[in-house]
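Commentary on secondary and tertiary structure
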Amino acid sequence: MDSLGVFLLIFTTFSGNPMSLSLADDVPVVLVTWDFPEATQEAWDTITGDGSAVDAAEKACNFCELEPSLCRFSVGYGNRIDDTGEPTLDAMIMDGITHDVGAVGGIRRVKKAISVARMVMEYTKHTLLVGDSASNFAHTFGDFEDESLKTNKTRVNYDNWNENNCQPNFWENVTPDPSTSCGPYTPAQPPSRETAAKIDKDNHDTIGIVVIGSDKNVACGTSTNGLNHKIAGRVGDSPIVGAGCYVDNDVGGAAATGNGDIMIRLLPSYQAVENMRRGLSAKEASAEALSRIAYKYNDFRGAIIAVNKEGDYGAECYGYTTVEITYRTGSMTNITVEEIQCTVEPKKPSVGSGNLVRPNVILCIASLYLSLKALTLKYTLPL
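We now turn to the structure provided with this report.

How each quantity is defined
- Residues numbered from 1 in each chain as written.
- Predicted model: local features only at pLDDT ≥ 70, side-chain atom pairs only at ≥ 80, totals over all residues.
- Heavy atoms only, no water.
- Helix = DSSP H or I, 4+ residues; strand = E, 2+ residues; numbered from the N terminus.
- Contact = heavy atoms within 4.5 Å.
- Buried < 20%, exposed > 50% of the residue type's maximum accessible area, 1.4 Å probe, protein only.
- Pairing = 2+ DSSP bridges.
- Right-handed = clockwise from strand over helix to strand, strands pointing away.
- Axes fitted to C-alpha atoms, helices over the stretch in contact; angles between N-to-C directions.
- Nonpolar A, V, L, I, M, F, W, Y, C, P; charged D, E, K, R; others polar.
- Expected span 1.5 Å × (residues − 1).
- Disulfide = S-S within 2.5 Å.

Side note on the side chain of Thr40
- For Thr40, the location among the structural elements is in helix H2 (residues 37-47).
- Once residues lying within four places of it in the same chain are set aside, the contact partners of Thr40 are Val30, Val32, Thr326, Tyr327 and Ile335.

Put into structure tokens, the structure is as follows:
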């Protein structure tokens, strides 16, 4: 092997994903937050059939929206409610080819929220419609059925919550004490900064999906019924571009889940994609994006999934012990559910670090290449 061949081998090894050194593209890829194998299968069947990446993202979320019992009831109708007892849904979809986005927030009386979001993307110049106006758009222009999202389960949920003094809830800086009373509330003076409600695995509130087709076109989608007992009118991160999910057809995509009221402030899905753009692996990109949030909010809980266009996928989490992801790639024969250990540590981003992560490695490799070249010349010179 000549010195150039040695250099190419070393470069490929060091600049690849430390979790996988495969040189072959591993597409298509379907990557989903949490243990939602049936939804993942819907996406896989779509992307390996005649469907696009956008179609696959929509189909996966539709599955959870129509079969919430198979998605922990954290997506779709019939369980999670706001503090008035009303179920509302948030969703978004993003197309990597056009970079177009459609989203809905706080939509009522429509089960297939991501399909309404897709209509916003494809038939309007807007990005986000909210509340009853989003519902009216779905019922009139989209011809979606006007149907209640309430069930006996939502009614029992609301009654039990009231009997438990409205615990947990998402009020703070108010009187009476929201940790012991239902209200009504008035502003407290001076305000307190205590937080009462817990964002655990069964209140994580999102299916997030990233899909890469065999043609390497990328799409992502989210759908959620939001935090249980949220304040009426609350919209979380799921329908917000760069927070709930984000894709770039030149790079790949990412989706987030967890405490949306925190993640919406730092756009972790966008950050993860930009991290991959500058050379980080999918797992590294996810960890770095989460570490920024944890540095600001150490009681935060969340997770990110990410995949680049070559099929390198990964996930990381913070605040939990473990989270689950579900996926299938082109080299696999089955849907896989994997438990991810949360290893992220809070870390302040380096000011001005920019694109210096991988170039440091490249400079080291370039130096090694020049040394090898000099050594080759030394032993090939005539005596």
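Section: the pairing of strand E3 (residues 100-107)
- In terms of burial, E3 is largely enclosed, as seven of its eight residues are buried.
- Of the pairings in the sheet, the one linking strand E2 (residues 89-95) to E3 comprises six bridges and is antiparallel in character. What sits directly across from Ala91, in E3, is Val104.
- The turn linking E2 back onto E3 is made up of four residues, and His99 within it adopts a positive phi angle of 65°.
- As defined by bridge partners, E3 adjoins strand E4 (residues 128-130) across three bridges and the pair is classed as parallel. Following the sheet pairing, Gly105 is matched in E4 by Val130.
- Considered for its hand, the β-α-β crossover made up of E3, helix H4 (residues 113-123) and E4 is left-handed.

Considerations on the sheet that holds strand E10 (residues 252-258)
- Strand order in this open sheet of four strands is E9-E10-E11-E12, and the pairing throughout is antiparallel. A single partner strand is all that each edge strand has here, and the edge strands are strand E9 (245-248) and strand E12 (313-318). When strand polarity is set aside, the average angle formed by the axes of neighbouring strands in this sheet is 10°.
- Two elements, strand E11 (residues 302-308) and E12, share six bridges in a ladder whose sense is antiparallel. Residue pairing in the sheet places Ile304 in a bridge with Glu316 of E12.
- Across the face of the sheet, helix H8 (residues 268-277) comes into contact with E9, E10 and E11 while running at roughly 145° to E10.
- Packing against the sheet, helix H9 (residues 282-296) makes contact with E11 and E12, and its axis sits at approximately 20° to E12.

Let's talk about the environment of Ser115
- With respect to the helices and strands, Ser115 occurs in helix H4.
- When its relative accessible area of 6% is taken as the criterion, Ser115 is described as buried.
- In sequence terms Ser115 and Ala91 are 24 residues apart; their C-alpha atoms lie 8.7 Å from each other.
- When neighbours within four sequence positions are excluded, Ser115 is seen to be in contact with Glu58, Asn62 and Phe144.

Regarding the packing of helix H3 (residues 53-66) against H4
- Orientation of H3 relative to H4, taken along the N-to-C sense of each, is 150°, at an axis distance of 8 Å. When H3 is examined against H4, the residues Val54, Asp55, Ala57, Glu58, Cys61, Asn62 and Glu65 are found in contact with a partner set consisting of Ala113, Ile114, Ser115, Arg118 and Met121.
- In the contact of H3 with H4, the residues fall into six nonpolar, two polar and four charged.

What to know about H3
- For H3, spanning 14 residues, the distance from its first C-alpha to its last is 20 Å, which sits close to the expected 20 Å at 1.5 Å a residue.
- Within H3, eleven of the 14 residues are buried, which leaves the element mostly enclosed by the surrounding structure.
- Where H3 is concerned, the buried positions are Ala53, Val54, Ala56, Ala57, Glu58, Ala60, Cys61, Asn62, Phe63, Cys64 and Glu65.
- Contacts from the buried residues of H3 go to H2, E2, H4, strand E7 (207-212) and strand E8 (218-224).

Overview of the state of the cysteines
- Within this structure, the stated rule accounts for four disulfides.
- One disulfide bridge connects Cys166 with Cys182, the sulfur atoms lying 2.0 Å from each other. Taking the sign of the S-S torsion, 100° for the link of Cys166 and Cys182, the bridge is right-handed. Separated by 16 residues along the polypeptide, Cys166 in the loop between helix H6 (152-163) and strand E5 (174-175) and Cys182 in the loop between E5 and strand E6 (186-187) bring together distant segments of the chain.
- The buried category is assigned to Cys166, whose relative accessible area is 4%.
- Exposure remark for Cys182: the relative accessible area of 29% places this residue in the partly exposed category.
- One disulfide bridge connects Cys317 with Cys342, the sulfur atoms lying 2.0 Å from each other. On the S-S bond that ties Cys317 to Cys342, the torsion sits near -105°, and the link is left-handed.

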